[in-house]
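# Close look at the chain arrangement
Spelled out from the first residue to the last, the chains are:
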Amino acid sequence: MSAISLKVECSFADSTTQEGLYTLLHDYDYDAAVQENFIPQHALLEKLGTGYTPFYEDVANCQIYNVEKTTGNGVSFYLEGGVLRGSDFWDMMHEMLISLHPTQLIAVEFNDQVGEWIIYAYDGKERFSYETGFGGDCDDEIYSAEDHDELLEIARGLLHEGRLVMSEESYDEYNDDDDDYDMNEDDDEGYFDENDDEQPNRKRYH
């Protein structure tokens, strides 16, 4: 199984961008083994006017499939990637899509290693993200989805209602629970560094 699996849907103000993105993704060859195999993608990216290049040798094992045109000058597709490069590929693809100035972008990701959903959204002005498993207000609604397509519908509603936001309290509560974990005192001595300020970027947005 892949480390990440996403369904992405984005809409644009004009059909030219829709057609260019559709061609770019529809012709993606995930079996490419060398940088030169991505020359067609790089040419299309230049034509679209984006400086982001998610296509490079190390993401050759990532897949893009079921690319379709949707209403509202939109494009939808699935993206899957392995443990080592899948997240990197999506991060770069995400930035590339945002650089095309979509009127709306929603992506839903299932991480099968932790069994949780992540929703990424953009309303044309602001980015939003929501991750299940941290005590947010929308977990029950998100968990009710049977698949990516159903979750996209739920995510649209949450975005329009202004609910697709993770409160800081949710993350703080999770971190407090971690702090309360009772380790054997003999084992825990010297295990933590008081000056270690590095924390995982769970929100994935900066």
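Please read these numbers as outputs of a predicted model, since none were measured by experiment. Every chain's residues receive numbers from 1 upward, in the order its sequence appears when written. Restriction of local features to residues with pLDDT of at least 70 applies here, the model being predicted, together with a cutoff of 80 or more for giving and counting side-chain atom pairs; totals for whole chains, interfaces and linings are based on all residues. Processing note: side-chain calculations cover all non-hydrogen atoms of the structure and skip hydrogens and water entirely.

### With respect to the overall build of the protein
In this text, helices come from DSSP runs of H or I with a minimum length of four residues, and strands from runs of E with a minimum of two, each type numbered from the N-terminal end. Along the backbone of the protein there are seven helices and six strands. When its helices and strands are written in sequence order, the protein yields β-α-α-β-β-α-β-β-β-α-α-α-α. Think of it in three bands: residues with accessible area under 20% of the maximum for their type are buried, residues over 50% are exposed, and the middle band is partly exposed, with areas taken using a 1.4 Å probe on protein chains only. Expressed as a percentage of its 206 residues, the buried residues of the protein come to 43%. Here, two residues are considered to be in contact whenever any of their heavy atoms come within 4.5 Å of each other. Pairs at least 24 apart in sequence give 64% of the contacts found in the protein among residues at least 6 apart. Surface summary for the protein: the accessible area is close to 11900 Å², and the carbon and sulfur share equals 43%. The accessible surface values rely on the Shrake-Rupley method and a 1.4 Å probe; as for residues, cover is taken only from the protein chains in view.

### Comments concerning the packing of aromatic side chains
For Phe, Tyr and Trp, rings pair up if their centres lie within 6.5 Å, where Trp contributes its six-membered ring, and each pair is then called stacked (planes under 30 degrees apart), edge-to-face (over 60) or tilted (otherwise). Under the criterion given, the structure shown has eight aromatic pairs. Measuring from centroid to centroid gives 6.1 Å for Phe-38 and Phe-55, while their planes differ by 25 degrees, and the two rings are stacked. With a gap of 17 residues between them, Phe-38 in the loop between helix H1 (15-26) and helix H2 (39-48) and Phe-55 in the loop between H2 and strand S2 (63-70) connect regions that are remote in the sequence. Comparing Phe-38 with Phe-55 shows no difference in burial state: the two are buried. Here the aromatic rings of Trp-90 and Tyr-120 are separated by 5.5 Å at their centres, their planes lie at 55 degrees, and the arrangement is tilted. Taken together, the residues span a long stretch of sequence, with Trp-90 in helix H3 (residues 86-99) and Tyr-120 in strand S5 (residues 116-122) at a distance of 30 residues.

### A word on the nonpolar core
Nonpolar core, defined: a set of buried Ala, Val, Leu, Ile, Met, Phe, Trp, Tyr and Cys residues in which side-chain atoms within 4.5 Å join the residues together. Counting residues in hydrophobic clusters, the biggest one holds 32 residues, and the most contacted among them are Leu-21, Leu-25, Phe-55, Phe-77, Trp-90, Met-93 and Leu-97. For this core, the elements supplying multiple residues, two or more each, are strand S1 (4-11), H1, S2, strand S3 (74-81), H3, strand S4 (104-111) and S5. With residues near it in sequence (within four places) discarded, Phe-77 still touches Leu-6, Lys-7, Val-8, Leu-25, Ile-64, Tyr-65, Asn-66, Val-67, Met-93 and Leu-97.

### So, the pattern of salt bridges
The term salt bridge refers to a pairing of a side-chain nitrogen on Lys or Arg with a carboxyl oxygen on Asp or Glu at a separation within 4 Å. Counted according to the given criterion, the structure contains eight salt bridges. In this structure, Arg-163 engages Glu-141 in a salt bridge whose closest nitrogen and oxygen atoms are separated by 2.5 Å. You can see Arg-163 sitting in the loop between helix H5 (148-160) and helix H6 (168-179) and its partner Glu-141 sitting in helix H4 (residues 139-143), a full 22 residues away along the chain. Residue class for Glu-141 comes out partly exposed when judged on its relative accessible area of 33%. Two residues, Arg-163 and Glu-161, come together in a salt bridge whose shortest N-O distance is 3.2 Å. Of the residues examined, Glu-161 reaches a relative accessible area of 53% and is grouped as exposed. Three or more residues joined by partner-sharing salt bridges are found here, namely Glu-9, Glu-153 and Arg-156.

### Considerations on the sheet that holds S4
A pair of strands is labelled paired if DSSP reports no fewer than 2 bridges between them. The six strands lie next to each other as S2-S3-S1-S4-S5-S6, forming an open sheet whose pairing is antiparallel. Taken across any chain shown, the strands that pair with only one partner, and hence form the sheet edges, are S2 and strand S6 (127-131). Each strand axis lies, on average, 10 degrees off the axis of its neighbour in the sheet, ignoring direction. Contacts between H1 and the sheet are confined to S1, S2 and S3, with S2 contributing the most and set at about 155 degrees to the helix. Strands S1, S3, S4, S5 and S6 of the sheet are contacted by H5, whose axis makes an angle of about 130 degrees with S4. The axes used here are C-alpha line fits, helices contributing only the stretch in contact, and every angle between their N-to-C directions lies in the interval 0 to 180 degrees.

### Let's talk about unusual backbone geometry
Even without being glycine, Asn-73 reaches a positive phi, approximately 55 degrees. When you line up the elements, Asn-73 lands in the loop between S2 and S3. Judged by relative accessible area, which is 25%, Asn-73 ranks as partly exposed. Notably, His-101 is not glycine yet its phi reads approximately 55 degrees, a positive angle. Considering the arrangement of structural elements, one finds His-101 in the loop between H3 and S4. Among the residues examined, His-101 registers a relative accessible area of 63% and is labelled exposed.

### Re the side chain of Glu-9
In this fold, Glu-9 is placed in strand S1. Sequence-distant contacts of Glu-9, defined by excluding residues within four places in its chain, comprise Val-75, Ser-76, Gln-104, Leu-105, Ile-106, Leu-152 and Arg-156.

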